[in-house]
Amino acid sequence: MQGLLRAALIGFASSGKTTLFQLMTSARETARAAHGKGEAVIGISKVPDARLDRLTAMYNPKKRVPATVEFTDLAAAGASGGAQGLVDVAAYKNADALVHVLRAFHDPAIPHASGSIDPARDAQAMEDELILADLGVAERRLERLERDLKKGRSPELERERDVVTICKAALEEGRPLRSLELKGEDLKRLRGFQFLSAKPLLIVINLDETQLSAGGEAATRIDRASEAAGLTSFLSRAGTAAVAVCAKIELEIAQLEAADASAFLADLGLKESGLDRVIRASYDLLGYISFFTVGEDECRAWSIPRHTTAQLAASEIHSDIARGFIRAEVVSYDHLMARGAMAACRDHGEVRLEGKEYVVQDGDIINFRFAT
Ligand SMILES: Nc1nc2c(ncn2[C@@H]2O[C@H](COP(=O)(O)OP(=O)(O)OP(=O)(O)O)[C@@H](O)[C@H]2O)c(=O)[nH]1
Ligand SMILES: [Mg+2]
């Protein structure tokens, strides 16, 4: 499934990765203790979606299936050595996005490997590590390409060498590959290398409780937190986004009963849970949207990259549906809600028949017709 979003948590030791992981995946501490340090732990996060809630209320299905995001948590290897050894290339390889948990909270009981709390320094140190790892990959690949080109020239090999050369030059200037504007085939070539600095980067600023509750709209607060942390210029880079959390407090809140939880969130001036905010930021960063399938058996949300065609969207559900694709019956979420029932949408001509190449829109409710 290409639509399953995989995010890898990265960061300095004790920055709050595991705390955020628990917040995102409702993983229990005990489940975690079963794994040794250095081992990657994978958890599934259910994407909160009010639209799926309303569809479920409308259809009263046997099952409600939310979209999911997979998070990988890994203990920082460079516990005492600063940024060195932070990057585990193999563990991050298949991630669609890297989530850098950046420590901004102060706690004398939890020493920082570099001796002080300095989010901008840590953000840059991580960026440098990603760049360094990629530079190694680019150099090795380039040597190989040169060798192969000596044996026999081919346009594909030459193009690849040119692209890797562009990448290497950017990396040597300290620029992450996210900032390169490669297109089409070149972008595809780049994907094959699994360069870490090419992956979209979500920075989760892990704040003190007092910083988080310092009033104002959430967006303002993130701006202020990033500014205070010296991250503003960092975050204006392509493929980079930020969200502020207080992982420890928000984990405590998430473990309360729903009613108490919303009261505590309101006290902190937050409209949404940390889970909601981090997921939303990830979707925005990656340009993911959701479509729905509905029925008496199951109401389900699916995530796909924006601009996905109906046939590709069908392949999310099953390759057979994509292969035998005939038509997609599509109604928008807003139309369905406005009419209150699918039959009424049908009567008003709001259920469209779309072909393979139709570009699925956020909130589309789709019934795929296919031949087996
Ligand atoms: N005060 C405060 N403490 C926090 C916050 N987030 C995490 N901590 C604490 O910091 C310590 C380290 O948190 P973890 O989530 O284990 O950090 P980690 O990044 O997973 O650490 P490693 O796996 O060792 O790399 C724990 O004692 C947490 O309770 C926070 O927002 N505020
Ligand atoms: Mg950890």
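Structure: see above.
These notes cover the structure that comes with them.

Rules used in this analysis
Residues numbered from 1 in each chain as written. Chains lettered and ligands numbered in written order. Predicted model: local features only at pLDDT ≥ 70, side-chain atom pairs only at ≥ 80, totals over all residues. Heavy atoms only, no water. Helix = DSSP H or I, 4+ residues; strand = E, 2+ residues; numbered from the N terminus. Buried < 20%, exposed > 50% of the residue type's maximum accessible area, 1.4 Å probe, protein only. Contact = heavy atoms within 4.5 Å. Areas by Shrake-Rupley, 256 points an atom, 1.4 Å probe, with all protein chains shown as cover. Pairing = 2+ DSSP bridges. Axes fitted to C-alpha atoms, helices over the stretch in contact; angles between N-to-C directions. Core = buried A, V, L, I, M, F, W, Y, C linked by side-chain atoms within 4.5 Å. Expected span 1.5 Å × (residues − 1). Near = heavy atom within 4 Å. Polar contact = N/O pair within 3.5 Å; in protein donor to acceptor, adjacent residues only side chain to side chain. Phe/Tyr/Trp six-rings, centres within 6.5 Å; stacked < 30°, edge-to-face > 60°. Lys NZ or Arg CZ within 6 Å of the ring centre and 35° of its normal.

1. Let's talk about the overall build of the chain
Next, step 1: For the chain, the helix and strand inventory stands at 17 helices and twelve strands.
Next, step 2: In the chain, which comprises 372 residues, the proportion classed as buried is 49%.
Next, step 3: Sequence separation of 24 or more characterises 70% of the internal contacts of the chain that already satisfy a separation of 6 or more.
Next, step 4: Summed over all atoms, the accessible surface of the chain reaches about 18300 Å², with 51% contributed by carbon and sulfur.

2. Here's the deal with the sheet that holds strand E6 (residues 201-206)
Next, step 1: Reading across from one edge, E2-E4-E1-E5-E6-E7 is the order of the six strands in this open sheet, with mixed pairing throughout. The sheet is open, and its two borders are formed by strand E2 (41-46) and strand E7 (240-245), each paired with just one other strand. If you compare each strand with its neighbour and ignore which way they point, the axes differ by 25° on average.
Next, step 2: Summarising the sheet, strand E5 (residues 97-103) and E6 pair through six bridges and their orientation is parallel. Note on E6: the bridge partner recorded for Leu98 is Leu201.

3. Points about the nonpolar core
Next, step 1: Leu20, Phe71, Val99, Leu202, Tyr283 and Ile365 are the most contacted members of the largest nonpolar core, which totals 43 residues.
Next, step 2: Looking at which element gives the most residues to this core, the answer is helix H13 (residues 274-286), with seven residues.
Next, step 3: Excluding its chain neighbours within four sequence positions, the residues that come into contact with Ile365 are Leu55, Phe292, Val294, Glu329, Val330, Val331, Ser332, Tyr333, Leu336 and Met342.
Next, step 4: Counting residues in each nonpolar core, the second largest holds 24 residues, with Tyr92, Leu102, Ile205 and Phe234 among its members.

4. Focus: helix H6 (residues 155-172)
Next, step 1: With 18 residues, H6 ought to run about 26 Å at 1.5 Å a step, and its terminal C-alpha atoms sit 26 Å apart, in line with that.
Next, step 2: All of the buried residues along H6 are Leu157, Glu160, Arg161, Val163, Val164, Cys167, Ala170 and Leu171.
Next, step 3: Against the buried residues of H6 lie helix H5 (119-151) and helix H7 (184-193).
Next, step 4: Positive backbone phi, at 80°, marks Gly174, one or two positions downstream of H6.

5. Some words on the site of ligand 1
Next, step 1: Looking at ligand 1, there are 19 residues lining it, with Ser14, Lys17, Thr18, Thr19 and Asn206 nearest.
Next, step 2: Within the side chain of Lys17, one N or O atom sits 2.7 Å away from an oxygen atom of ligand 1.
Next, step 3: For ligand 1, an oxygen atom lies 2.9 Å from a polar atom in the side chain of Asn206.
Next, step 4: Within the complex, 79% of the 650 Å² of free accessible area of ligand 1 lies under protein.
Next, step 5: Residue assignment for the shell around ligand 1 shows that the elements contributing at least two residues are helix H1 (17-25) and helix H11 (247-254).
Next, step 6: In terms of residue count, H1 provides more of the shell around ligand 1 than any other element does, three residues in total.

6. Here we look at the environment of Gln311
Next, step 1: Tracing the backbone through its elements, the reader meets Gln311 in helix H14 (residues 310-317).
Next, step 2: Between the alpha carbons of Gln311 and Ile321 there is a distance of 8.2 Å; along the sequence they are ten residues apart.
Next, step 3: Sequence-distant contacts of Gln311, defined by excluding residues within four places in its chain, comprise Ala322, Phe325 and Lys356.

7. Examining the packing of aromatic side chains
Aromatic ring pairs are defined here through the distance separating the ring centres and the angle between the ring planes.
Next, step 1: Following the criterion strictly, the structure yields six aromatic pairs and no others.
Next, step 2: Ring centres of Tyr283 and Tyr288 lie 5.8 Å apart, and the angle between their planes is 75°; this geometry places the pair in the edge-to-face category.
Next, step 3: Take Tyr288: its relative accessible area is 10%, and that puts it in the buried class.
Next, step 4: Every member of this aromatic cluster is reached through a ring pair, and the members are Phe291, Trp302, Phe325 and Phe368.
Next, step 5: Here the basic side chain of Arg103 rests over the ring of Phe105, its NZ or CZ set 4.3 Å away from the ring centre.

8. Section: the environment of Tyr358
Next, step 1: Relative to the helices and strands, Tyr358 is located in the loop between strand E11 (352-354) and strand E12 (364-370).
Next, step 2: Its relative accessible area of 13% is what places Tyr358 among the buried residues.
Next, step 3: When neighbours within four sequence positions are excluded, Tyr358 is seen to be in contact with Thr308, Thr309, Ala310, Val330, Arg352 and Asp364.
Next, step 4: Of note is the side chain of Tyr358, whose polar atom sits 3.2 Å from the side chain of Arg352.

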